[in-house]
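Here is what each chain is made of, one letter per residue.
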Amino acid sequence: MLIIDCPHCGPRHEQEFHYGRQAHVAYPADPSALTDEEWAHYLFYRDNPRGPHAERWVHSAGCRKWFNVVRDTLTYEIKAVYRAGEQPPPEYAALARPGAVAGTAPETTKEA
Amino acid sequence: MSYDPRNLPQHPDFLWANPEPKSSYDVVIVGGGGHGLATAYYLAAHHGITNVAVLERGWLAGGNMARNTTIIRSNYLWDESSAIYEASLKLWETIEEDLGYDVFFSQRGVLNLAHTLQDVRESVRRVEANKLNGVDAEFVDADGVRELCPIINTDNLRYPVLGATYQPRAGIAKHDWVAWGYARRAAELGVDLIQNCEVTGFVKDGNRVVGVETTRGRINAGRVGLCVAGSTSTLADLAGIRVPIQSHPLQALVSELFEPVHPTVVMSNHIHVYVSQAHKGELVMGAGVDQYTGYGQRGSFHVIEEQMAAAVELFPIFARAHVLRTWGGIVDVTMDASPIMGRTPVDDLFVNTGWGTGGFKAVPGAGLAYAHTLATGEPHALNAPFSLERFETGALIDEHGAAAVAH
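Reading guide: rules and limits
- Residues numbered from 1 in each chain as written.
- Chains lettered and ligands numbered in written order.
- Predicted model: local features only at pLDDT ≥ 70, side-chain atom pairs only at ≥ 80, totals over all residues.
- Heavy atoms only, no water.
- Pairing = 2+ DSSP bridges.
- Helix = DSSP H or I, 4+ residues; strand = E, 2+ residues; numbered from the N terminus.
- Axes fitted to C-alpha atoms, helices over the stretch in contact; angles between N-to-C directions.
- Contact = heavy atoms within 4.5 Å.
- Buried area = accessible area lost by both parts, 1.4 Å probe.
- Salt bridge = Lys/Arg side-chain N within 4 Å of Asp/Glu carboxyl O.
- Patch = residues over 30% accessible without salt bridge, like charges linked within 9 Å, V, L, I, M, F, W, Y side chains within 5 Å.
- Areas by Shrake-Rupley, 256 points an atom, 1.4 Å probe, with all protein chains shown as cover.
- Lys, Arg positive; Asp, Glu negative; His and termini not counted.
- Charge placed at Lys NZ, Arg CZ, Asp CG, Glu CD.
- Buried < 20%, exposed > 50% of the residue type's maximum accessible area, 1.4 Å probe, protein only.

**Quick look at the sheet that holds strand β5 (residues 138–141) of chain B**
Residues and elements named next belong to chain B.
Item 1. Ordered by their spatial adjacency, eight strands build an open sheet running β5-β6-β4-β13-β14-β15-β12-β16, and the pairing between neighbours is mixed. Looking along the sheet, the strands with just one partner apiece sit at the ends: β5 and β16 (323–333). The average undirected angle you get between the axes of adjacent strands in this sheet is 20°.
Item 2. Relative to strand β14 (residues 273–277), strand β13 (residues 265–268) runs antiparallel, the two sharing three bridges. Looking at β14, one finds that M267 is bridged to Y274.
Item 3. Its contacts with the sheet put helix α7 (residues 301–314) on β4 (110–114), β12 (246–257), β13, β14, β15 (282–289) and β16, and the angle it makes with β15 is roughly 130°.

Right under this line is the structure:
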């Protein structure tokens, strides 16, 4: 079980939280201009790395606030916790650009 | 085939050769699990393509094929799903004759329990859909459930058992023997099974894959087929493509050995456990996936705790049983809980993934369809609907209801 350090409440058991998948996926700036391929990537494609991953969690049984976590998907170690709307620590800055690590996402799904 | 289920026959020390990789193959299959081995067998047996290598990072069938709960059924909701799972179930029914090898396929039936009125409605709908697709299915009430599986507690629990869907032809098999059966026959037909050979990159000529880089050197290939379950995203990154997969840890466990007490397979979506009794006597129980993505091949203890609570509530006689062993595997989950099988944006590179928590049952059917895809470059009718393109066209196949473990 993970112990997650909620930025508002402090460390709590994982069971108080729900997972919200990849963080920093921006809503398309001009949705009506997207091709079907670009929509598919926005809706269904998320990074799935072995290693550090920026993701959202919500403290559903606590303050009910969303926040961001950088977690290593191989060791399950939590590397950083930061509030919604904030950027990850500098060493994980690349994680704020989904698809950027593998260099495979279409331009439109990358956050500006 | 008759056997004493508690006294399995001995098998020979070596069932396949351990060849050095050649410099080039017509088809290279990445991943020596159930799907990879079955694909190799059907390529050789049905298409006469024997210049084939199966590359396995570890040892044959040592990943999810060694870690699953072996449930085989075809009672899925949608036409596309029931077609491929029913084709697979029909292959299971002849697999021992086809391979000349015991796999201990035991058609003891599966009960998918309904605990709420909504469960009942969904179950009846799925039974009727199954009947239209030629899949054996019936809805039984609580009395019927007790008749089929007398050890179930249907009344004295928080969510009483109101009924269940029942598929009599469903069952279990011995996963290791399935892999060994396919491996043995594929090797006899000329397929090279190469273990301790990890793919570290793809060799491309323009947009066409022409080989793979491995820890045992470069191997050229006419076509490359991925069969690597939870590692699909990692390999897709190496190939420069993206797949709509999220990898999650999934856990299961077995108890110590008991006399036969559990005559069928019981699955409960609602209180979240699935149970059968293995041939030797262990109670085999599956849990849900951890909510987060992960590659650690282990899951959280609280998931096991919740699963045990559900199992004991449903089967009070299990309360004194001891857990012998728990384990976790990494499953490849798609947004619509259906697999992906077919072409990728890279020419001659094919993908078979997204089976999530239930890939074992599909081993024969998926192997058959994937072999056709790799032999001809075109999808088989069974896997055409499961293309990667469906995420662009919107023709999703939503099997969250019948996929049993909440994804």
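**Quick notes on the interface of chain B and chain A**
Item 1. The interface is formed by 31 residues belonging to chain B together with 35 residues belonging to chain A.
Item 2. Between chain B and chain A, the buried area comes to about 2800 Å², and carbon and sulfur atoms account for 50% of it.
Item 3. At the junction of chain B with chain A, the criterion picks out one salt bridge.
Item 4. The salt bridge partner of R242 of chain B is D47 of chain A, with a shortest N-O separation of 2.6 Å.

**Brief notes about a negative patch on the surface**
Item 1. Among the surface-exposed residues, D36 and E37 of chain A together with E389 and E392 of chain B lie close enough to one another that they form a single negatively charged patch.
Item 2. Look at E37 of chain A and you get partly exposed, because its relative accessible area is 41%.

**Some thoughts on the side chain of Q251 of chain B**
Item 1. As for its position among the elements, Q251 of chain B is in strand β12.
Item 2. The contact partners of Q251 of chain B, leaving out residues within four places of it in the chain, are G286, A287, G288, D290, G299, S300, V303, I304, W327 and G328 of chain B.

**A look at the pattern of salt bridges**
All names here are of chain B.
Item 1. The full count for this structure, using the stated rule, is 20 salt bridges over all chains.
Item 2. The partner of E128 in a salt bridge is K131, and the shortest N-O contact between them spans 3.7 Å. One end of the pair, E128, and the other, K131, are both in helix α3 (residues 117–132), three residues apart, so they sit about a helical turn from each other.
Item 3. E188 is the partner of R185 in a salt bridge, and the nearest nitrogen-oxygen pair spans 2.6 Å. Taken together, the positions of R185 and E188, both in helix α5 (residues 175–188) and three residues apart, correspond to about one turn of that helix.
Item 4. Look at R185 and you get partly exposed, because its relative accessible area is 23%.
Item 5. Salt bridges here are not isolated pairs; linked through shared partners, they connect E86, K90, E93, D136 and R169.

**Topic: the pairing of strand β9 (residues 199–205) of chain B**
Item 1. Where β9 of chain B and strand β10 (residues 208–214) of chain B come together, six bridges link them in antiparallel fashion. Residue K204 of chain B lies in a different strand from β10 of chain B, and its bridge partner there is V209 of chain B.

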